[in-house]
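Given next are the chains, with one letter for each unit.
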2 protein chains.
Amino acid sequence: MAKVEFNIACTLCEHLKDSLFNGLGPEDISRINNHKTCVQYKKGQNIFYEGTRPTGLYCMNGGKVKVYKNNVQGKEFIIYIAKPGDFLGYRALLSEEFYQATATVLEDAKICFIPKESFFEVLQKNPLFMKRVVQAVCHEMGIMEEKLAELAHKSVRERLAANLIMLKETYGMEGEGSFLIDLALSREDLASIVGTATETVIRLLSEFKTDGLITFEGKKIRILDARKLAKQADLIVA
Amino acid sequence: MAKVEFNIACTLCEHLKDSLFNGLGPEDISRINNHKTCVQYKKGQNIFYEGTRPTGLYCMNGGKVKVYKNNVQGKEFIIYIAKPGDFLGYRALLSEEFYQATATVLEDAKICFIPKESFFEVLQKNPLFMKRVVQAVCHEMGIMEEKLAELAHKSVRERLAANLIMLKETYGMEGEGSFLIDLALSREDLASIVGTATETVIRLLSEFKTDGLITFEGKKIRILDARKLAKQADLIVA
DNA sequence: CTCTCTTACTGACAAAAGTCATCTTTTCCG
DNA sequence: CGGAAAAGATGACTTTTGTCAGTAAGAGAG
C-alpha cells in the first residue's frame, strides 16, 4: 500500500495537451519537469486533507480522484472529480489559504506534485499562462454557480439526472449508440455528488433503469437514452 | 427612472481602500479613472443580464445589488449581494464568457463602469494587481464550495440561520449589544438567498423571533443572540 | 386620502426525501 | 476457498418542506 514513485517527462506526458500546461515554452516545461515528483496512489489513499496548508500543485497523470468536503455529521459532498490532465488543489494554492476540501483516490492514480515555488515562478514570468489559469478558475466558478442554483431549486430526481448527463459529458465512452460512464462510482459517492441519501440514489437509479434510460454494467452506468434523461433533468413538464 | 450620470475621482472614492484597486499606482488609478463612466441606478433597475456579453467591469460606489440566476420556473437564486467597494461581473469578464447571472439593484446604487480594455490593460501591466485579483477569485470560489456543501446537507432552518449570521458579518451594524443587518431584504429575496420557499422563510423567521434570536426593525432584521443563532446553523445538537 | 398592488402572514394539505431496520449480494483478504 | 465486511437493495415510517388558497397589512400612485 506504500506510495510508489515513478517518472514521466512532462514533454512525453500524453495528457499535456489536455492540461493548462499546454502551450508553455520548452524552458517552462522543463522547469516544471525538473522539480516535479510523481507518485502512484492506490484507491482509497488521500492526496491532501481539508485544513492543511498546500505546498504545491498536483497534476493528474492517471486515474480518478474525488475532492470533497465533510460536514459535521460526516456526510460527504463531492465538489468535483479530477481526471488525467486536471490540476488538483490549485484553488487553495492560489488564494494562499488552507485546503477546504479533502482529495481521495477513486481509481488507482498517478499524480505529479509540483512545488509551489516552481509553479509560481512559471506563473509569474508567463503572463499568457497566468491568463489561462485565471480563465480556467473563472470558468470553474461559473460551473459552481450553476450547481448552486441547481442544488437550491431542483428536486433530487432532476439533480441525479443532470449529474448523470454531466458525468456522461466528461467520462462518457460512446458505443452502440449509448454512452458508458467510465467511472467506478459507488452509490454512496453518487449520492455525495447529487447531495442526497444513498437510499434515494439507489431507488431513483432503479427507476431510471426500469424506464429504460440507463443500465448497469458492473460498477459502471450506461446511458441508454440521454435525451429522455435530459428531460428528467429539466424542470420542463413537456 | 432614467439613469443619471455622476462622477467621482477614483482617488477620492471613499471605497477605494476596500476595493481590489487599492494599492494600484497613481498612473494605473488615473487610467481607470479616465475611462470610467459612473451611473446612479434606482432600486429595481438591472445592471446586466444573464446571457449577454460583458464589455467591462462594474465597481460599486454606493448601494446594494443582488446577483442571481433564474431557473426555468422563474425561481430566483441569489449568488451574492454586492456592496460598495465590490467588483461586479468580473467572473464572466475574466473567463471571457457570457454573464451567467443577472444583477439588479436592491438599494439605490452608484456604480462605475470600467471598459474591458482599460481593466485588462491595468491587469496585464501590473502583476501584483493580477495576483490579488486571482487571490480574490480563488477565495470567492472557496466560499462557493462552502455554500455548495451547506446547500447539499443542511436543513432550511440551519441554512437560514447560517445566512443570517453571514449577513450579519457583512452588513451588521453593532448597537446595544445586538447587530442590525443593514440591508432591506424582502422575505422573497431572503428565500432566494437560502434556497427555499418564501413561506418557509416567513415561518422560520417568526420562530426565530419567538425564540428571542432576532427582531424586526422596519424592513430590516436585528440579530439579538448571534451565539444561539449560530448554534441553530450548526448540525451540532449540543 | 383612498384605492390598488405588492408584500407579509397563516393554515391545510401533499409530496418529496431522509431515516432506520433488514436482507441480499458482492468484494476483499488472509 | 471461506468468512467478514462493505456495498447494494427494499420496505415502512417520519419529517421536512413545498404548494395552494386565502387573509391582513403596508407602500405607492393618483
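So, a few notes on the structure that sits alongside this text. Just so you know, these numbers come straight off a predicted model, no measurement behind them.

Considerations on the protein's contact with DNA strand D
With respect to spatial proximity, 15 residues lie near DNA strand D, and among them Arg187(A), Lys219(A), Val156(B), Thr196(B) and Thr200(B) are the closest. When atoms of DNA strand D within 4 Å of the protein are split into backbone and base, the sugar-phosphate part holds 59%. Contacts to DNA strand D include Val156(B), whose backbone N or O atom sits 2.7 Å from a phosphate oxygen. One of the side-chain N or O atoms of Thr200(B) is found 2.9 Å from a phosphate oxygen in DNA strand D. Considering only residue class, the surface near DNA strand D consists of 3 nonpolar, 4 polar and 8 charged.

Remarks on the protein's contact with DNA strand C
Neighbouring residues of DNA strand C: 15 residues in total, closest Val156(A), Thr196(A), Thr200(A), Arg187(B) and Arg203(B). Here, DNA strand C places atoms within 4 Å of the protein, and 62% of those atoms are sugar or phosphate. With respect to DNA strand C, the backbone of Ala197(A) contributes an N or O atom lying 3.4 Å from a phosphate oxygen. Measuring from a phosphate oxygen of DNA strand C, one finds a side-chain N or O atom of Thr200(A) at 2.9 Å. Of all the secondary structure elements, the ones that give two or more residues to the surface near DNA strand C are helix 7 (198–210) of chain A together with helix 6 (187–194) and helix 7 (198–210) of chain B. Of the residues belonging to the surface near DNA strand C, the class tally is 3 nonpolar, 4 polar and 8 charged.

Focus: the environment of Gln124(A)
Within the secondary structure, Gln124(A) is located in helix 3 (residues 116–124). C-alpha separation for the pair Gln124(A) and Pro84(A), spaced 40 residues apart in sequence, amounts to 25 Å.

So, the pairing of strand 5 (residues 76–82) of chain B
Residues and elements named next belong to chain B. Here strand 5 lies mainly inside the structure; 6 of its 7 residues are buried. Direction of pairing for strand 4 (residues 56–70) relative to strand 5: antiparallel, over a ladder of 6 bridges. Within strand 5, the residue paired with Val65 across the bridge is Ala82. Taken together, strand 4 and the strand that follows it, strand 5, pair antiparallel across an intervening segment of 5 residues, in which Gly74 is found at a positive phi of about 85°.

Considerations on the relation of the copies chain B and chain A
Least-squares fitting of chain B to chain A yields an RMSD of 0.0 Å, with the transformation described by 0.0 Å of translation along the axis and a rotation of 180°. Within this description, the copies of the chain are treated as partners about a two-fold rotation axis. Take the interface residues of chain B: 100% of them recur as interface residues in chain A, which is what a same-surface contact looks like.

Here we look at unusual backbone geometry
Most peptide bonds adopt trans geometry, and most residues besides glycine take a negative phi value. Here the phi dihedral of Glu176(A) falls at roughly 55°; this positive angle occurs in a residue that is not glycine. Summarising the element assignment, Glu176(A) is placed in the loop between strand 8 (172–175) and strand 9 (178–181).

Notes on the side chain of His153(A)
Relative to the helices and strands, His153(A) resides in helix 4 (residues 127–153). Using a relative accessible area of 12% as the deciding quantity, one classes His153(A) as buried. Within the structure, the side chain of His153(A) is placed 2.9 Å from the backbone oxygen of Glu76(B), a separation counted as a polar contact. Contact partners of His153(A), with chain neighbours within four places excluded, come to Asn71(B), Lys75(B), Glu76(B), Phe77(B), Gly195(B) and Thr196(B).

Some remarks on the pairing of strand 4 of chain B
All names here are of chain B. Burial runs high along strand 4: 14 of the 15 residues are buried. Pairing of strand 4 with strand 7 (residues 102–115) involves 11 bridges; the strand directions are antiparallel. If you follow Gly62 over to strand 7, its bridge partner there is Lys110.

What to know about the interface of chain B and chain A
The interface of chain B with chain A comprises 38 residues on the first partner and 38 residues on the second. Between chain B and chain A, a total of about 4100 Å² is buried, with carbon and sulfur atoms accounting for 70% of that surface. When residues of chain B are sorted by the area they lose upon contact with chain A, Met141(B), Leu148(B) and His153(B) head the list and together hold 17% of the total. Counting across the chain B and chain A interface gives 6 salt bridges. Two residues, Glu146(A) and Lys69(B), come together in a salt bridge whose shortest N-O distance is 3.1 Å. If you list the elements that add at least two residues to the side of chain B that touches chain A, you get strand 5, helix 2 (90–95) and helix 4 (127–153) of chain B. No other element matches the 19 residues that helix 4 of chain B contributes to the side of chain B that touches chain A. Looking at the side of chain B that touches chain A, its residues break down into 17 nonpolar, 10 polar and 11 charged.

As for the nonpolar core
Core analysis: the largest hydrophobic core is formed by 99 residues, its most contacted members being Phe21(A), Phe119(A), Phe21(B) and Phe119(B). Other than its neighbours up to four places away in sequence, Phe21(B) contacts Leu16(B), Ile29(B), Ile32(B), Leu57(B), Cys59(B), Phe87(B), Ile114(B), Phe119(B) and Phe129(B).

Examining helix 7 of chain A
Working note: α-helix, 3.6 residues per turn, so residues spaced by three or four point in the same direction. Residue and element names in this part refer to chain A. Helix length check: helix 7 (13 residues) gives 19 Å between terminal C-alpha atoms against 18 Å at 1.5 Å per residue, within 8%. The set of residues buried in helix 7 consists of Val201, Leu204, Leu205 and Phe208. Around the axis of helix 7, the buried residues are gathered within 105° of arc, so they sit on the same side. Residues of helix 7 that are exposed and point more than 90 degrees away from the buried face comprise Arg203 and Thr210. Looking at the buried positions of helix 7, the neighbouring elements they touch are helix 5 (156–171), helix 6 (187–194), strand 10 (214–217), strand 11 (220–223) and helix 8 (226–233).

Observations regarding the packing of helix 1 (residues 26–35) of chain B against helix 3 (residues 116–124) of chain B
Residue and element names in this part refer to chain B. Between helix 1 and helix 3, the shortest axis-to-axis distance is 9 Å and the interhelical angle comes to 175°. Taken together, helix 1 and helix 3 sit at an angle that is classed as roughly antiparallel. Counted together, Asp28, Arg31, Ile32 and His35 of helix 1 and Ser118, Glu121 and Val122 of helix 3 form the full contact between these two elements. Residue composition of the contact of helix 1 with helix 3, by class: 2 nonpolar, 2 polar and 3 charged.

Parameters at a glance
Note that residues are indexed from 1 along each chain, following the sequence as it is written. Chain letters start at A and ligand numbers start at 1, both assigned in the order the entries are written. Predicted model: local features are reported for residues with pLDDT of at least 70 only, side-chain atom pairs are reported and counted for 80 or more only, and whole-chain, interface and lining totals are derived from all residues. Derived side-chain values reflect all non-hydrogen atoms in the structure, with water molecules and hydrogen atoms excluded from consideration. In this text, near means that some heavy atom of the residue lies within 4 Å of the molecule or strand in question. We call two N or O atoms a polar contact when they sit within 3.5 Å, provided that within protein one can donate a hydrogen and the other can accept it, with sequence-adjacent residues counted only if both atoms are side-chain atoms. Here the term charged refers only to Asp, Glu, Lys and Arg, the term nonpolar to Ala, Val, Leu, Ile, Met, Phe, Trp, Tyr, Cys and Pro, and the term polar to all other amino acids, Gly among them. The way it works is that DSSP assigns letters per residue, a run of H or I at least four long becomes a helix, a run of E at least two long becomes a strand, and they are numbered from the N terminus. Burial classes: relative accessible area under 20% of the type maximum marks a residue as buried, over 50% as exposed, and values in between as partly exposed (1.4 Å probe, protein chains only). Strands were regarded as paired on the criterion that DSSP finds at least two bridges between them. Alignment of the copies relies on least squares applied to C-alpha atoms, considering only residues that score at least 70 for pLDDT in both. Should any heavy atoms of two residues lie within 4.5 Å, those residues are counted as being in contact. Buried area: the sum, over both parts, of the accessible surface (1.4 Å probe) that disappears when the two are put together. Just to be clear on terms, a salt bridge is a Lys or Arg side-chain nitrogen sitting within 4 Å of an Asp or Glu carboxyl oxygen. Buried residues of nine kinds, namely Ala, Val, Leu, Ile, Met, Phe, Trp, Tyr and Cys, make up a nonpolar core once their side-chain atoms join them within 4.5 Å. The span expected for a helix works out to 1.5 Å for each residue beyond the first. The directions from the helix axis to the C-beta atoms are what the arc is built from. Geometry is summarised by axes, namely lines fitted to C-alpha atoms with helices restricted to the contacting stretch, and by angles between N-to-C directions that run from 0 to 180 degrees. By definition in this entry, angles of less than 35 degrees are roughly parallel, angles greater than 145 are roughly antiparallel, angles of 65 to 115 are roughly perpendicular, and the rest are oblique.

The values reported here are purely geometric and, on their own, carry no functional implication.
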